[in-house]
Amino acid sequence: MPVQSYHTPDSWEGAVSALARDRAVPTAGGTDLVPLMRAGIADPDVLVDLRHLPDSGTIVAGDDGSLRLGAAVTLDAVAHHALVRAQFPALAEAAASVGSQPLRDVGTLGGNLCQRVRCWYFRGDHPCLRRGGTHCSAEIGENQYHAIFRTGGCVVAHPSDCAVALVALDATVHLRGPAGPRQVPAAGFLVPSSQRLDAESCLEPGEMVEAVSLPASAAGGTQFFHKQMQRAAWDFALVSIAAAKRRDGAVRLVLGGVANTPWRVTSSIEEDVASGGLSDDDIETLAQRALYDATPLAKNAYKLDLATALLCRAIARVSRD
Ligand SMILES: Cc1cc2nc3c(=O)[nH]c(=O)nc-3n(C[C@H](O)[C@H](O)[C@H](O)COP(=O)(O)OP(=O)(O)OC[C@H]3O[C@@H](n4cnc5c(N)ncnc54)[C@H](O)[C@@H]3O)c2cc1C
């Protein structure tokens, strides 16, 4: 995997112009990009290291209680930053749950959002819709870790833990590219396979994640992230949940490991949870309503039970706090 040049721009303009070169790819910690190159999925001529850009490695509090995290902030820094832990613990817990300590020391928040999907057909040398194939091999093959909600032809579940928390916290993703800066809600950053198959995010060619911001309205309250894994640690989510009851009473419930993107339950269910006074039966009914549209694959029906259990626990906690 020979790369012709490696750039370390120290200005956003420099990064945009380096990424405009033919077969230029952004990188930060390299923890996902290097395996992608080894697998022949990424084949860059030019690598553009985004870790030296202004403010890319900082976490800055706004006067209004909001927080802005540069894309090159490491996952370990997100997990341990005092303000993130105090005001946005769901994100701190999600970052702390990613992989292993060495991975969190090097891997970045931007890289976590932009990592490619984890599917043995995609990462191996098998027919795969995302690699130009005509069908999704996982749909009829080994699909025990895949989605239970169908959002397109590819049945992969997105692996990012941080994305799940960011959707629950109404975060905004700040992008930079040849057309200038723009912002998208975290809920719209990752896109389903019905929308595109060449990537999992809404990034346009030459565009990069500059930062993520968390609004003051999502700070505090009751919030948490929980991830159910096959092993006790160092693993991707089978199913995860980020839940929040904000100080204004609004509730957010977002599942991970169940769809191409983080899966926010419908707002009418969140409103019912917010209204409180729920019996155990009410909680069970709401969890089942939230999963009504799920269509598990041949080998992952267990995810429906896991998601039900995580939802029941989360609803009980946020509705009774
Ligand atoms: C063993 C292992 C276990 C893991 N476990 C988990 C887990 O439990 N949960 C989880 O969520 N993740 C997990 N991951 C994924 C891990 O979080 C990512 O590999 C890491 O966050 C990527 O960050 P990075 O800085 O190394 O990105 P890189 O590897 O440098 O880049 C990753 C991808 O993102 C692109 N990219 C990087 N930064 C930007 C940017 N600012 N703008 C646009 N594109 C960008 C690159 O082009 C590349 O395609 C695991 C990975 C490994 C190897």
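Residues numbered from 1 in each chain as written. Predicted model: local features only at pLDDT ≥ 70, side-chain atom pairs only at ≥ 80, totals over all residues. Heavy atoms only, no water.

Draft legend 1. Broad picture of the pattern of salt bridges. Under the defined criterion, the tally for this structure stands at 21 salt bridges. Arg23 serves as the salt-bridge partner of Asp45, at 3.4 Å between the closest nitrogen and oxygen. Of this pair, Asp45 sits in the loop between helix H2 (33–38) and strand S3 (46–49) while Arg23 sits in the loop between helix H1 (12–19) and strand S2 (24–27), and the two are 22 residues apart along the sequence. The exposure class of Arg23 is partly exposed, given its relative accessible area of 38%. Linking Glu200 and Arg116 is a salt bridge whose minimum nitrogen-to-oxygen distance equals 2.8 Å. You can see Glu200 sitting in the loop between helix H11 (186–189) and strand S8 (208–214) and its partner Arg116 sitting in the loop between helix H7 (109–114) and helix H8 (120–123), a full 84 residues away along the chain. (Salt bridge = Lys/Arg side-chain N within 4 Å of Asp/Glu carboxyl O. Helix = DSSP H or I, 4+ residues; strand = E, 2+ residues; numbered from the N terminus. Buried < 20%, exposed > 50% of the residue type's maximum accessible area, 1.4 Å probe, protein only.)

Draft legend 2. Examining the site of the ligand more closely. Neighbouring the ligand are 33 residues; Pro26, Thr31, Asp32, Thr108 and Asp161 lie closest to it. Measuring from an oxygen atom of the ligand, one finds a side-chain N or O atom of Thr31 at 2.6 Å. Here an oxygen atom of the ligand sits 2.8 Å away from a polar atom, N or O, in the side chain of Lys227. Those elements that place two or more of their residues in the shell around the ligand are S2, H7 and S8. Broken down by element, the residue count for the shell around the ligand peaks at four residues, all from H7. Among the residues making up the shell around the ligand, the classes are represented as 15 nonpolar, 13 polar and five charged. (Near = heavy atom within 4 Å. Polar contact = N/O pair within 3.5 Å; in protein donor to acceptor, adjacent residues only side chain to side chain. Nonpolar A, V, L, I, M, F, W, Y, C, P; charged D, E, K, R; others polar.)

Draft legend 3. Seen up close, the nonpolar core. The biggest cluster of nonpolar side chains holds 44 residues, and the ones touching the most others in it are Val84, Leu91, Phe189 and Leu214. Those elements that provide at least two residues to this core are strand S5 (67–70), helix H3 (75–80), helix H5 (89–96), H7, helix H10 (161–168), strand S6 (172–177), H11 and S8. Per-element tally for this core: the top contributor is H10, with seven residues. If you look at the next biggest cluster of nonpolar residues, it comprises 31 residues, including Val239, Ala243, Ile283 and Leu306. (Core = buried A, V, L, I, M, F, W, Y, C linked by side-chain atoms within 4.5 Å.)

Draft legend 4. Layout of unusual backbone geometry. With a phi angle near 65°, Asp55 is a residue other than glycine that sits in the positive phi range. Along the chain, Asp55 falls in the loop between S3 and strand S4 (59–61). The exposure class of Asp55 is exposed, given its relative accessible area of 57%. Located in the positive-phi region is Asp170, a residue other than glycine, with phi close to 55°.

Draft legend 5. Representation of the packing of aromatic side chains in the model. Under the counting rule described, the total for this entry stands at two aromatic pairs. Here Trp120 and Tyr145 contribute two aromatic rings whose centre-to-centre distance is 5.6 Å and whose plane-to-plane angle is 55°, an arrangement assigned as tilted. Taken as a pair, Trp120 in helix H8 and Tyr145 in the loop between helix H9 (137–140) and H10 lie far apart in primary sequence, 25 residues in all. For the ring pair Phe149 and Trp263, a centre distance of 3.9 Å and an interplane angle of 10° mean the geometry is stacked. Highlighted residues: Phe149 in the loop between H9 and H10 and Trp263 in strand S12 (residues 263–264), separated in sequence by 114 residues. If you follow Arg317 out to its NZ or CZ, it ends over the ring of Phe224, 3.9 Å from the centre. (Phe/Tyr/Trp six-rings, centres within 6.5 Å; stacked < 30°, edge-to-face > 60°. Lys NZ or Arg CZ within 6 Å of the ring centre and 35° of its normal.)

Draft legend 6. Layout of the side chain of Ser160. Looking at where Ser160 falls in the secondary structure, it is placed in the loop between H9 and H10. Residue class for Ser160 comes out buried when judged on its relative accessible area of 2%. Looking at Ser160, its side chain comes within polar contact range of the main-chain nitrogen of Cys162, at 3.5 Å. Within the structure, Ser160 has its side chain in polar contact with the backbone nitrogen of Ala163 (distance 3.0 Å). Not counting residues up to four positions away in its chain, the partners in contact with Ser160 are Asn112, Leu113 and Gln115. (Contact = heavy atoms within 4.5 Å.)

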